[in-house]
Amino acid sequence: MTIQANQANQADKQGIAAKTADEFLVTPESEVTPVLSVVMPTLNEEKGIVECIDRIKTAVSELRVPTEIIVSDSSTDATPELARERGATVVTPDEPGYGYAYRYAFDKARGEYIAMGDADTTYDFEMIPQLLEPVKNGDADICMGSRLEGEIRDGSMPPLHKYVGNPLLTRFLNTFYGAGVSDAHSGFRVFTKDALETLELETTGMEFASEMIMEAGANDLTIEEVPIIYHEREGEETLDSFSDGWRHVRFMLVNAPDYLFSYPALLLVSAGALLMSLSIAQLSISGVNFGIQTMVGGSLLAIVGYQVWTLALFSSIAANPINKPEGLLVGMIREQFQLEHGASIGILAAAAGILYLGSVFGQWLLVGEAALPSATATLLASTVVVLGLQTVFGSFFMSMLADSS
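Residues numbered from 1 in each chain as written. Predicted model: local features only at pLDDT ≥ 70, side-chain atom pairs only at ≥ 80, totals over all residues. Heavy atoms only, no water.

Here we look at the pairing of strand E4 (residues 113–116)
Residues Tyr113 and Ala115 line one face of E4 and the alternating positions Ile114 and Met116 line the opposite face, and both faces are buried. Alignment of strand E1 (residues 36–42) against E4, held across four bridges, turns out to be parallel. Among the inter-strand pairings, Val38 is bridged to a residue of E4, identified as Ala115. Here four bridges tie E4 to strand E6 (residues 189–192), and the two strands are oriented antiparallel to one another. Residue Tyr113 lies in a different strand from E6, and its bridge partner there is Thr192. (Buried < 20%, exposed > 50% of the residue type's maximum accessible area, 1.4 Å probe, protein only. Helix = DSSP H or I, 4+ residues; strand = E, 2+ residues; numbered from the N terminus. Pairing = 2+ DSSP bridges.)

Right, dumping it as structure tokens:
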């Protein structure tokens, strides 16, 4: 078969598929309720929108279910006109942002199942049936296309994203939220409308991709993956590697107070307590002498660690993180905290330290510096005073947060 004949044959097949798919496309004016909604956010995607919609139609012709295509458009080029010509419903978000464009369109989606993906030709929408299958069978609430488990075509993803950014962000999500996925930031996903309604999605930017997975983990939704081919994009890149990457990391951390506050605090306090213990005992290990200088370091570590730990408490009350603090002490205090208890403990600790420091001061007045106890003991008492005062004022602040929440 000649090249021309082969091209003509392919064109005929696409024409037949498009004709068949058009029979299943529905619009908001249609009386037919769609089974599947395909959502694409667009920002000047005139170079890729037609190909993406044609690929969706190929998938629809295979599925043979009523389908709506929703383009959430913020373009200044011909993207919305091209989308309408191909049978898509075009909506215009009233606020900017990648995540907001999706959320705005999701509110319009009527299908029992929802597919999402970018309109830049990087995702092959002909694979919608493969992603839909485990969701439709009830094996998963969300099915994602994994680029890292599939094939990434040359030129489709910068090496920094392929070997550093995406694997690292995926590792964070798996560690912090137990996502258990290989490619957490793939934008090609299929899920049920019921699953979507359980997710409290609020972000407006690129971190929206992370938020979906984090919320899914918090709501015990089942996620499966299907290997996909990731293609080279058409049109200009809209992703800013560093700023968008930082938005993902920041969003993950502020919604995981244990990893941001509790675990670092435990490490700091433990190191501080160990240093102070060795200093009070005046031990020498491998030629390293522990005394007043290491006692100062241990005191600072303990104080800073305690302050960081209180931030975990404050954030668990003032904010509503996706991954709430689960540490036994944090959870117990958050649930049973009373101002009087915290303030009383703080006052007793501060009072004990002040009494000891007062006695030291009295000895100094009476007999001079030569008769004073060791400086490490004095520094320990000073540390207890600082921690006690922090507890008192922190308890009042925590009570204020609890009353206003």
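Some points on the pattern of salt bridges
As enumerated under the stated definition, the model contains 11 salt bridges in all. Salt-bridge contacts for Arg153 lead to Glu151; the nearest nitrogen and oxygen are separated by 2.8 Å. For Glu151, a relative accessible area of 37% translates into the label partly exposed. One salt bridge connects Arg247 with Glu207, and the closest N-O pair in it is separated by 2.9 Å. Here Arg247, found in helix H9 (residues 241–254), pairs with Glu207, found in the loop between helix H7 (193–198) and helix H8 (208–218); they are 40 residues apart in sequence, far enough to count as distant. Classification of Glu207 as buried rests on a relative accessible area of 8%. Three or more residues joined by partner-sharing salt bridges are found here, namely Glu51, Arg55, Asp124 and Glu126. (Salt bridge = Lys/Arg side-chain N within 4 Å of Asp/Glu carboxyl O.)

Considerations on the environment of Ile354
Residue placement: Ile354 occurs in helix H13 (residues 339–367). Ile354 gets classed as partly exposed once you look at its relative accessible area, which sits at 47%. Separated by 31 residues in sequence, Ile354 and Val385 have C-alpha atoms that sit 6.5 Å apart.

Here's the deal with the sheet that holds E1
Judged by pairing direction, the sheet is mixed, and its seven strands sit side by side in the order E3-E2-E1-E4-E6-E5-E7 without closing on themselves. With one partner strand each, in any of the chains shown, strand E3 (89–91) and strand E7 (223–230) form the two edges of the open sheet. Taken pair by pair, the neighbouring strands of this sheet meet at an average axis angle of 25°, ignoring direction. Direction of pairing for strand E2 (residues 67–73) relative to E3: parallel, over a ladder of three bridges. Pairing of Ile70 across the sheet is with Thr89, part of E3. On top of the sheet, helix H2 (residues 49–63) reaches E1 and E2; it is set at about 170° to E1, its chief contact. Packing against the sheet, H8 makes contact with E4, strand E5 (142–152), E6 and E7, and its axis sits at approximately 40° to E6. (Axes fitted to C-alpha atoms, helices over the stretch in contact; angles between N-to-C directions. Contact = heavy atoms within 4.5 Å.)

Structural notes on the nonpolar core
Membership of the largest hydrophobic core comes to 39 residues, with the highest contact counts inside it found for Phe106, Tyr177 and Phe191. Of all elements in the fold, only helix H4 (98–108), E4, E5, helix H6 (159–177), H7, H8 and H9 reach the threshold of two or more residues within this core. Not counting the four nearest positions on each side in its chain, Phe106 is found in contact with Val39, Ile114, Met116, Phe191, Lys193, Leu196 and Phe208. Counting residues in each nonpolar core, the second largest holds 36 residues, with Ala59, Val65, Ile69 and Phe125 among its members. (Core = buried A, V, L, I, M, F, W, Y, C linked by side-chain atoms within 4.5 Å.)

As for the packing of H2 against helix H5 (residues 128–136)
Running from N to C, H2 and H5 point in directions that differ by 50°, and their axes come no closer than 9 Å. Put simply, H2 runs oblique to H5. Where H2 approaches H5, its residues Ile56, Ala59, Glu62 and Leu63 are matched on the opposing element by Ile128, Pro129 and Leu132. In terms of residue class, the contact of H2 with H5 is made up of six nonpolar, no polar and one charged. (Parallel < 35°, antiparallel > 145°, perpendicular 65-115°, else oblique. Nonpolar A, V, L, I, M, F, W, Y, C, P; charged D, E, K, R; others polar.)

Here's the deal with the packing of H13 against helix H14 (residues 375–404)
The interhelical angle for the contact between H13 and H14, taken along N-to-C directions, is 155°, at an axis separation of 7 Å. With respect to their mutual orientation, H13 and H14 come out roughly antiparallel. Considering only the axes of H13 and H14, their crossing is left-handed. Across the contact of H13 with H14, the residue classes tally to 16 nonpolar, nine polar and no charged. (Left-handed = near helix turned anticlockwise from the far one by under 90°.)

Remarks on the packing of aromatic side chains
Applying the stated rule across the entire model yields 15 aromatic pairs. Against the face of Tyr104 rests Lys108, its NZ or CZ located 4.6 Å from the ring centre. (Phe/Tyr/Trp six-rings, centres within 6.5 Å; stacked < 30°, edge-to-face > 60°. Lys NZ or Arg CZ within 6 Å of the ring centre and 35° of its normal.)

Focus: the confidence of the model for the chain
Mean pLDDT over the chain: 87, with 89% of residues reaching 70 or higher. Segment residues 1–8: pLDDT under 50, and one contact once partners within four positions in sequence are set aside and those in other chains are kept. (pLDDT = per-residue confidence, 0-100.)

Focus on H4
Because each turn of an α-helix spans 3.6 residues, side chains separated by three or four positions in sequence point in the same direction. Within H4, eight of the 11 residues are buried, which leaves the element mostly enclosed by the surrounding structure. Along H4, the residues that are buried comprise Tyr98, Gly99, Tyr100, Ala101, Tyr102, Tyr104, Ala105 and Phe106.

So, H8
Of all 11 residues in H8, nine are buried, a share of seventy percent or more. Of all the positions in H8, only Phe208, Ala209, Ser210, Glu211, Met212, Ile213, Met214, Glu215 and Ala216 are classed as buried.

As for a nonpolar patch on the surface
Where nonpolar side chains cluster on the molecular surface, the patch consists of Leu160, Tyr163, Val164, Leu168 and Phe242 and spans about 550 Å² of accessible area. Sorting elements by how many residues they give to the nonpolar patch places H6 first, with four residues. For Tyr163, the location among the structural elements is in helix H6. The exposed category is assigned to Tyr163, whose relative accessible area is 57%. (Patch = residues over 30% accessible without salt bridge, like charges linked within 9 Å, V, L, I, M, F, W, Y side chains within 5 Å. Areas by Shrake-Rupley, 256 points an atom, 1.4 Å probe, with all protein chains shown as cover.)

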